[in-house]
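Fold and geometry: a report
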Amino acid sequence: MTYVALVRPRWSDMDVFGHVNHAAMVTLLEEARVPLLFGEAVKAGLTELPKGVVVVKMSVNYHAPVIADGQDIRIVLSLKELRFASFTLGYSVHNGPSEADKVAVTAETVLAPFDTVTERPRRLSDEERVFLEEGLRSA
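Definitions and limits used
- Residues numbered from 1 in each chain as written.
- Predicted model: local features only at pLDDT ≥ 70, side-chain atom pairs only at ≥ 80, totals over all residues.
- Heavy atoms only, no water.
- Helix = DSSP H or I, 4+ residues; strand = E, 2+ residues; numbered from the N terminus.
- Rg over C-alpha atoms; globule rule 2.2 N^0.38 Å.
- Buried < 20%, exposed > 50% of the residue type's maximum accessible area, 1.4 Å probe, protein only.
- Contact = heavy atoms within 4.5 Å.
- Areas by Shrake-Rupley, 256 points an atom, 1.4 Å probe, with all protein chains shown as cover.
- Lys, Arg positive; Asp, Glu negative; His and termini not counted.
- Charge placed at Lys NZ, Arg CZ, Asp CG, Glu CD.
- Pairing = 2+ DSSP bridges.
- Salt bridge = Lys/Arg side-chain N within 4 Å of Asp/Glu carboxyl O.

Some thoughts on the overall build of the protein chain
Scanning the protein chain from terminus to terminus reveals two helices and six strands. Taking 14 Å as the expected radius of gyration for a compact globule of 139 residues, we find that the protein chain reaches 15 Å, a close match to that expectation. Taking all 139 residues of the protein chain together, the buried fraction comes to 40%. The contacts in the protein chain between residues at least 6 apart in sequence include a share of 67% that link residues at least 24 apart. Taken as a whole, the protein chain presents about 7600 Å² of accessible surface, with 54% of it coming from carbon and sulfur. For the protein chain, the separation between the mean place of its 15 positive charges and that of its 19 negative charges on side chains is 4 Å.

Spelled out as structure tokens, the structure:
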């Protein structure tokens, strides 16, 4: 199962060539994962995950330009790896809102839960692991 987010690039996200620039793409990926890791996690009864998750590593691969043309782009998130103290999300960014729209960008983000009180990384709870596995496991 995967999680699908529709995100709308802004005109200000484009560079001089008319493409969504790299920094804006990283922000769009964040906008796609925030509702899952904060909103959906809270709905699932998780209280610690929304308090702190940090990006450990990110890679972004461009296959075609993304244009801000007033329509949403489809970002499909999947769980690539689940470890005890981190997890890797995969992203497929379609050049429009439909599953049939071409994949323009693929990316991965390694994230770690973070305890804001102790200011240290922490292990994922069993409930958080189940939430990630059930909601994001790649098909």
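Read on, since the account is not over.
Observations regarding the environment of phenylalanine 131
Its place among the elements puts phenylalanine 131 in helix H2 (residues 126-136). Among the residues examined, phenylalanine 131 registers a relative accessible area of 15% and is labelled buried. Sequence separation of phenylalanine 131 and glycine 45 is 86 residues, and the distance between their C-alpha atoms is 9.8 Å. Once residues within four sequence positions are removed from consideration, phenylalanine 131 is found in contact with Leu36, Glu40, Ala41, Ala44, Leu46 and Leu49.

With respect to the pairing of strand E1 (residues 3-7)
What you see with E1 is a clean split: Tyr3, Ala5 and Val7 sit on the buried side and Val4 and Leu6 on the side with no burial. Inspection of the sheet shows E1 paired to strand E3 (residues 73-82) by five bridges, in the antiparallel sense. Its bridge partner lying in E3, valine 4 is registered against valine 76.

Some remarks on the pattern of salt bridges
Within the structure shown, the criterion is met by six salt bridges. Here arginine 10 makes a salt bridge to aspartate 13, at a shortest N to O gap of 3.6 Å. Among the residues examined, arginine 10 registers a relative accessible area of 33% and is labelled partly exposed. Looking at aspartate 13, the relative accessible area reads 6%, which means it is buried. Notably, a salt bridge pairs glutamate 40 with lysine 43, separated by 3.4 Å at the nearest N-O pair. With glutamate 40 and lysine 43 both in helix H1 (residues 22-43), this residue pair falls three residues apart, about one helical turn.

Looking at the pairing of E3
With eight of ten residues buried, E3 is to be regarded as a mostly interior element. Sheet topology note: the E3/strand E4 (residues 87-94) ladder contains seven bridges and is antiparallel. Bridge assignment links valine 76 to a residue of E4, and that residue is serine 92. Taken together, E3 and the strand that follows it, E4, pair antiparallel across an intervening segment of four residues.

Let's talk about the side chain of arginine 74
With respect to the secondary-structure elements, arginine 74 resides in strand E3. It turns out arginine 74 is buried and unbridged, and the closest side chain with the opposite charge, glutamate 99, is 4.5 Å from it. Ignoring any residue separated from it by four or fewer positions in sequence, one finds arginine 74 in contact with Val4, Ala5, Leu6, Ser92, Val93, His94, Gly96, Pro97, Ser98 and Glu99.

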